[in-house]
Amino acid sequence: MNNIEKRKQRHIRISLEENVKTDIGTGFDDVTLVHRCLPEIDFSEVNMDISLFGKHLKAPLIISAITGGTSYSKEINKTLAAVAEKMGIGIGVGSQRIAIDKPEVAHTFRVVREVAPSTLVLGNIGCPQISLGWGVEEAQICVDMIKADALSVHMNPLQEAIQVCGDTNYKGVIDKIKNITENLNVPVVMKETGAGIAHEEAEKLEAIGVAGLEISGVGGTSWAAVEHHIAREIEDSDMEFLGKALWNWGIPTAISVAETSLNTNLQIIASGGMRTGLDMAKAIALGADAVGMALPFLAEAVKGEKDLLEFIRKIVLEFRTVMFLVGARNIEELKKVPAVITGRTAEWLKFRGFDPEDFSFR
Ligand SMILES: Cc1cc2nc3c(=O)[nH]c(=O)nc-3n(C[C@H](O)[C@H](O)[C@H](O)COP(=O)(O)O)c2cc1C
């Protein structure tokens, strides 16, 4: 196993065995959807279908980027992909960097498209590699490897800053992404990994031709926490300290979704601490087009396909029930239901120049 393979393996073990959750929430606890005692719809007519990056999904849900590159991660990808295909939801693969460096492990990613031939599949490459010189050629290899419908480009400055020997040069990366959006044959989705996206960056990304954002805000898996545990194991006291100090760094998911959806027309996948069908409905009412989850799906996938299927089926059932209770027949109607925003989330939005009441009076 090379260093990247060892690191990938470690990420999975630490995420599953250690506390890697932020101490602050997503902000969705501050969001309440208005109950309709007379929803005036029939539960059986609630339609959760969406179209995202050219693919039809039966529910606005995506398995966020997790893994690939080792035989263990191939098994996990196989399970995730099988369930994604059965449920008609989307799936992202983990960073494909390892398969560009070492093409003989490409099959650990390719398995996703083999097992999920028809659903939405997202490729994955990182800003640090783009910053170090990778461009359209490598991005296209990632897309072709899994016949991806879109390519996620992950932004992880927090993780790299805390990672021992992380790649921390983010200079000039926007121009390099522009080149990729102009020349790649599929849409580009810019994806955070747990610290959220502010509207200022979202606007810049929209201007250079990016098609969508995956928010991955604060409230779920903390990459500062993951790197803290790794640093402790390998006895790097500076990084151990930094990971603890910046454990909760970033923008909570609900705030990030609201900011970016209000100020851009990008397709938005809400992720980072999304855990329930109710969270899904709230995120869509705040402007998201779909929702992504990573760690909860990984935890079920390692138990087996049946457990993961059952878990996702219940989340989707909860989501559908909330749609019924707010009287939304479809996702377009859910986007327009009133959402009351209070507490820290409302305060934050006000200080960022938005009016939280725009969501409640509509
Ligand atoms: C074990 C593990 C590995 C991950 N690897 C990647 C990756 O390679 N690329 C990426 O963009 N995000 C990666 N992520 C981040 C997730 O896609 C997601 O953005 C983040 O975990 C927040 O979602 P959650 O709170 O539902 O876990 C990984 C997450 C986990 C738990």
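Residues numbered from 1 in each chain as written. Predicted model: local features only at pLDDT ≥ 70, side-chain atom pairs only at ≥ 80, totals over all residues. Heavy atoms only, no water.

**Concerning the nonpolar core**
Working step 1: Counting 116 residues, the largest nonpolar core has M190, L286 and I312 as the members making the most contacts within it.
Working step 2: Residue contacts for I312: discarding those within four places in its chain leaves L61, I63, V83, M87, I89 and F297. (Core = buried A, V, L, I, M, F, W, Y, C linked by side-chain atoms within 4.5 Å. Buried < 20%, exposed > 50% of the residue type's maximum accessible area, 1.4 Å probe, protein only. Contact = heavy atoms within 4.5 Å.)

**Structural notes on unusual backbone geometry**
Apart from glycine, the bulk of residues carry a negative phi angle, and the bulk of peptide bonds sit in the trans form.
Working step 1: If you check the backbone angles, S216 has positive phi at about 35 degrees while not being a glycine.
Working step 2: Within the secondary structure layout, S216 lies in the loop between β9 (212–214) and α10 (223–233).
Working step 3: With a relative accessible area of 7%, S216 lands in the buried category.
Working step 4: Look at E235: it is not a glycine, yet its phi comes out positive at around 60 degrees.
Working step 5: Examined against the element boundaries, E235 turns out to sit in the loop between α10 and α11 (237–245). (Helix = DSSP H or I, 4+ residues; strand = E, 2+ residues; numbered from the N terminus.)

**A closer look at the sheet that holds strand β5 (residues 90–92)**
Working step 1: The sheet built from eight strands closes into a barrel, its strands ordered β4-β5-β6-β7-β8-β9-β10-β11 with parallel pairing. Between one strand axis and the next, the sheet turns by 25 degrees as a mean value, whatever way the strands run. (Pairing = 2+ DSSP bridges. Axes fitted to C-alpha atoms, helices over the stretch in contact; angles between N-to-C directions.)

**Examining the site of the ligand**
Working step 1: The environment of the ligand is formed by 25 residues, the closest being A65, S95, S216, T221 and R275.
Working step 2: Contacts to the ligand include A65, whose backbone N or O atom sits 2.7 Å from an oxygen atom.
Working step 3: Within the side chain of K191, a nitrogen or oxygen atom sits 2.9 Å from an oxygen atom of the ligand.
Working step 4: For the ligand, the protein covers 97% of the area, taking 610 Å² as the surface of the free molecule.
Working step 5: Of all elements in the fold, only α1 (3–17), β8 (188–192) and α14 (295–301) reach the threshold of two or more residues within the shell around the ligand.
Working step 6: For the shell around the ligand, the class distribution of residues is eight nonpolar, 13 polar and four charged. (Near = heavy atom within 4 Å. Polar contact = N/O pair within 3.5 Å; in protein donor to acceptor, adjacent residues only side chain to side chain. Areas by Shrake-Rupley, 256 points an atom, 1.4 Å probe, with all protein chains shown as cover. Nonpolar A, V, L, I, M, F, W, Y, C, P; charged D, E, K, R; others polar.)

**Section: the pairing of strand β7 (residues 150–155)**
Working step 1: Most of β7 sits inside the fold, with six of its six residues counted as buried.
Working step 2: Across the two faces of β7 the burial is the same, with A150, S152 and H154 and L151, V153 and M155 all buried.
Working step 3: Strand direction decides the pairing type here: strand β6 (residues 121–126) and β7, joined by five bridges, are parallel. Directly across from L122, in β7, lies its bridge partner A150.

**Looking at the environment of A288**
Working step 1: Topologically, A288 is positioned in the loop between α13 (277–285) and β11 (290–293).
Working step 2: Sequence separation between A288 and L266 is 22 residues; the distance between their C-alpha atoms is 9.4 Å.
Working step 3: Here A288 is in contact with V257, I268, A270, A283 and K335, once residues within four sequence places are set aside.

**Considering the packing of helix α12 (residues 253–263) against helix α17 (residues 343–351)**
Working step 1: At a minimum axis separation of 10 Å, α12 and α17 run at an interaxial angle of 35 degrees. In terms of crossing hand, the pair formed by α12 and α17 is right-handed. Residues A254, I255, A258 and E259 of α12 pack against T345, W348 and L349 of α17.
Working step 2: Of the residues contributing to the contact of α12 with α17, the split by class is five nonpolar, one polar and one charged. (Left-handed = near helix turned anticlockwise from the far one by under 90°.)

**As for the packing of aromatic side chains**
Working step 1: Per the stated rule, a full pass over the model turns up two aromatic pairs.
Working step 2: Considering the side-chain rings of F43 and F324, the 5.5 Å spacing of their centres and the 75 degrees angle between planes classify their relative orientation as edge-to-face. A residue pair is termed long-range when its members are at least 10 positions apart, and F43 in the loop between β1 (31–33) and β2 (50–52) and F324 in helix α15 (residues 305–325) qualify at 281 residues.
Working step 3: The exposure class assigned to F324 is partly exposed, which follows from its relative accessible area of 22%.
Working step 4: Ring centres of F297 and F311 lie 6.1 Å apart, and the angle between their planes is 85 degrees; on these two criteria the pair is classed as edge-to-face. Here F311 lies in helix α15 and F297 lies in helix α14, a separation of 14 residues in the sequence.
Working step 5: Given the relative accessible area of 0%, F297 is considered buried. (Phe/Tyr/Trp six-rings, centres within 6.5 Å; stacked < 30°, edge-to-face > 60°.)

**A short note on the pattern of salt bridges**
Side chains carrying opposite charge are able to pair once their charged atoms draw close together.
Working step 1: One pass over the full model with this rule turns up 17 salt bridges.
Working step 2: Of the charged contacts, one joins R232 and E18 as a salt bridge, the two residues approaching to 3.8 Å between their closest N and O atoms. Taken together, the positions of R232 in helix α10 and E18 in the loop between α1 and β1 put the pair 214 residues apart, joining distant regions of the chain.
Working step 3: On the accessibility criterion, E18 (30% relative accessible area) is partly exposed.
Working step 4: Linked by salt bridges that have partners in common, R10, R13 and E233 make up one network. (Salt bridge = Lys/Arg side-chain N within 4 Å of Asp/Glu carboxyl O.)

Geometric descriptors of this kind do not, in isolation, establish any biological role.
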